[in-house]
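Spelled out, the chains give:
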Amino acid sequence: MFEAQTNTTSTDAARVPTPLLQTRSLGFEAGGQRLIDTVDVDIRTGRRTVIMGANGAGKSLLLRLLHGLIRPSAGQVLWQGRPLDRAGRYAQAMVFQRPVLLRRSVLANLSFALSARGIRGRERKRRIEIAMHQARLTALAYRPARVLSGGEQQRLAIARALACGPEILFLDEPTASLDPASIHAVEELIAQAHANGVTIVLVTHDLGQARRLGDDLIFLHGGRVVETGPAATVLDNPKSGPAKAWTEGRLFFESDPWNRSQRLGDRS
Amino acid sequence: MDSFGSILAEAFGLILALDPDLVEIVGLSLKVTLSAVAISCLIGLPLGAAVGAFRFPGRIVLTVLLNAMMGLPPVVVGLTVYLMLSASGPFGALALLYTPTAMIIAQTILVTPIAAALTRQVVEDLNREYAEQFASLGVGPLGRISALLRDARFSLLTVALAGFGRAVAEVGAVMIVGGNINHVTRVMTTTIALETSKGNLQLALALGVVLLILSLIINAAVMAVRGTAQRAAYV
């Protein structure tokens, strides 16, 4: 079993804000397999947390557990110190890797999301205008959402999530299949949201993006957290075998030396 | 016996002359069928959407039941409705037997499972795509159903079309509960059956042609709407 490495310096530890979201011994099993195993993480208010790891590490699953889309098999998710409930869920929003857009216009997609949150009338109109302006979609307001380009669709998905006024925004590889210009536009939207006080939790495979957007980093391997710390520190000097292999662009195997030494309890 | 060609010519003559009997029969057929399809859709679409979108105990049993009921034998439905509406039946006091209303009831029973079962399939597929997003946005059960039905609207046109096809071509049930009474409950299919047995093939064939043309027009209209929707990426 791996022990999670905490890759921090004393100055980082000195300015730890209150956790907005925490997991306690979080576990999830499916088909007899433990896909998320005893995960304890803190998502700090106002920070940008990046979740990384190889394919199948459990990143998207962890994101869904944090957002309450799936029920954990073990442990719990705490929102502001209390078990995640409906009110907590309403303070969250999520953007999926492949944008899920209704078969309606750009404007109707935004309107639907706000109506679902009980936001109507003038306030809804105001939020829609702001969202379309921020995502630079005003000119496309009446265009069917599903004929937009991949980048425009993802910007709409982010704008829709932000229009709901979340305290925290989960993003599951939002730029995975986008061109560089669209990636830049999406990153700008995320940065803008963060500047407006939204806590960001981002799953990405892109090392550059993790450096650009990440304050904190959680590295997953086999459903377990193997390393946490400031994004730059973890990426520049990874302590765990899986994170080290990842930054070096190679696969990590169970037989690798770091893993063996962990199992023997020899972490020297 | 006249040749097929001359019968067909006479049939077209009746259609082109807008023969009053023919117009009356076609009118009643459309009234009964469209009413039954509308009521079936009002019941079947939300029911099918609920079964397709939500997980609840008995969902699989209900799905199997709806699918099985798609193949309900019309004469059995006709007989059951007849027994319910007959003077000694539980709804005998309503005096609905041998009226167009009885025919609408029988056709509604036949079409509702079709509307519900096909809607379930359409909505289930769409819900697979939308479910997580709905959960993330916190959309309530009614909001989900209405959003799914709205976004599947062009696919559901085909569902309504399938129901229309079943109802307009149906003969057994409406014959039993309607009685095929001239100027009261005589519709296209029952007239075709009657006139054929009487040897009046011109009217029978004329009605057959009208039935085919109606099906063709409605199918073409639905395809055109779907095509337009597809081009606008609404399907």
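Residues numbered from 1 in each chain as written. Chains lettered and ligands numbered in written order. Predicted model: local features only at pLDDT ≥ 70, side-chain atom pairs only at ≥ 80, totals over all residues. Heavy atoms only, no water.

Under an unreviewed UniProt entry, the name given to chain B is ABC transporter permease, and the organism recorded is Marimonas arenosa. The record held by UniProt for chain B lists under Subcellular location (unreviewed entry) the comment "Cell membrane". UniProt annotates chain B under Sequence similarities (unreviewed entry) with the comment "Belongs to the binding-protein-dependent transport system permease family." (UniProt positions renumbered as here; feature names shortened; annotations may be inferred.)

As annotated in an unreviewed UniProt entry, chain A carries the name ATP-binding cassette domain-containing protein and comes from Marimonas arenosa.

Turning our eyes to something else, we now look at the overall build of chain A. Scanning chain A for helices and strands turns up eleven helices and twelve strands. Within chain A, buried positions represent 55% of all 268 residues. Considering only contacts in chain A between residues 6 or more positions apart, those separated by 24 or more positions represent 68%. (Helix = DSSP H or I, 4+ residues; strand = E, 2+ residues; numbered from the N terminus. Buried < 20%, exposed > 50% of the residue type's maximum accessible area, 1.4 Å probe, protein only. Contact = heavy atoms within 4.5 Å.)

The next thing to look at is the domain arrangement of chain A. A common way to express how large an interface is: the accessible area buried when the components associate. All names here are of chain A. Domain annotation of chain A identifies domain 1 (5-91 + 166-263) and domain 2 (101-165). If you average the C-alpha positions of domain 1 and of domain 2, the two centres end up 27 Å apart. With 17 residues of domain 1 at the contact, the number on the domain 2 side is 14 residues. Of the roughly 1,200 Å² buried between domain 1 and domain 2 on both sides combined, carbon and sulfur atoms contribute 67%. Taken as a group, Y90, P166 and L189 account for 45% of the area that domain 1 buries against domain 2, more than any other trio of residues on that side. Salt-bridge contacts for R136 lead to E188; the nearest nitrogen and oxygen are separated by 3.6 Å. Between the two partners, domain 1 and domain 2, sit two residue pairs in polar contact (both at pLDDT 80 or more). For the side of domain 1 that touches domain 2, the elements supplying multiple residues, two or more each, are α3 (86-90), β9 (168-172) and α7 (180-195). Ranked by the residues each element gives to the side of domain 1 that touches domain 2, the list is headed by α7, at seven residues. For the side of domain 1 that touches domain 2, the class distribution of residues is eleven nonpolar, three polar and three charged. (Domains from an automatic or database assignment. Buried area = accessible area lost by both parts, 1.4 Å probe. Salt bridge = Lys/Arg side-chain N within 4 Å of Asp/Glu carboxyl O. Polar contact = N/O pair within 3.5 Å; in protein donor to acceptor, adjacent residues only side chain to side chain. Nonpolar A, V, L, I, M, F, W, Y, C, P; charged D, E, K, R; others polar.)

For the rest of this paragraph, the subject is the packing of aromatic side chains. Per the counting criterion, the structure on display carries four aromatic pairs over all chains. Judged by centre distance (5.7 Å) and plane angle (45°), the ring pair of F112 of chain A and F134 of chain B falls under tilted. One end of the pair, F112 of chain A, is in helix α4 (residues 106-116); the other, F134 of chain B, is in helix α5 (residues 100-137), on a second chain. As far as burial versus exposure is concerned, F112 of chain A and F134 of chain B are alike and both buried. Members of the aromatic cluster, joined through ring pairs, are F112 of chain A together with Y130 and F134 of chain B. The lysine or arginine in question, R117 of chain A, covers the ring of Y90 of chain A, its NZ or CZ lying 4.9 Å from the ring centre. (Phe/Tyr/Trp six-rings, centres within 6.5 Å; stacked < 30°, edge-to-face > 60°. Lys NZ or Arg CZ within 6 Å of the ring centre and 35° of its normal.)

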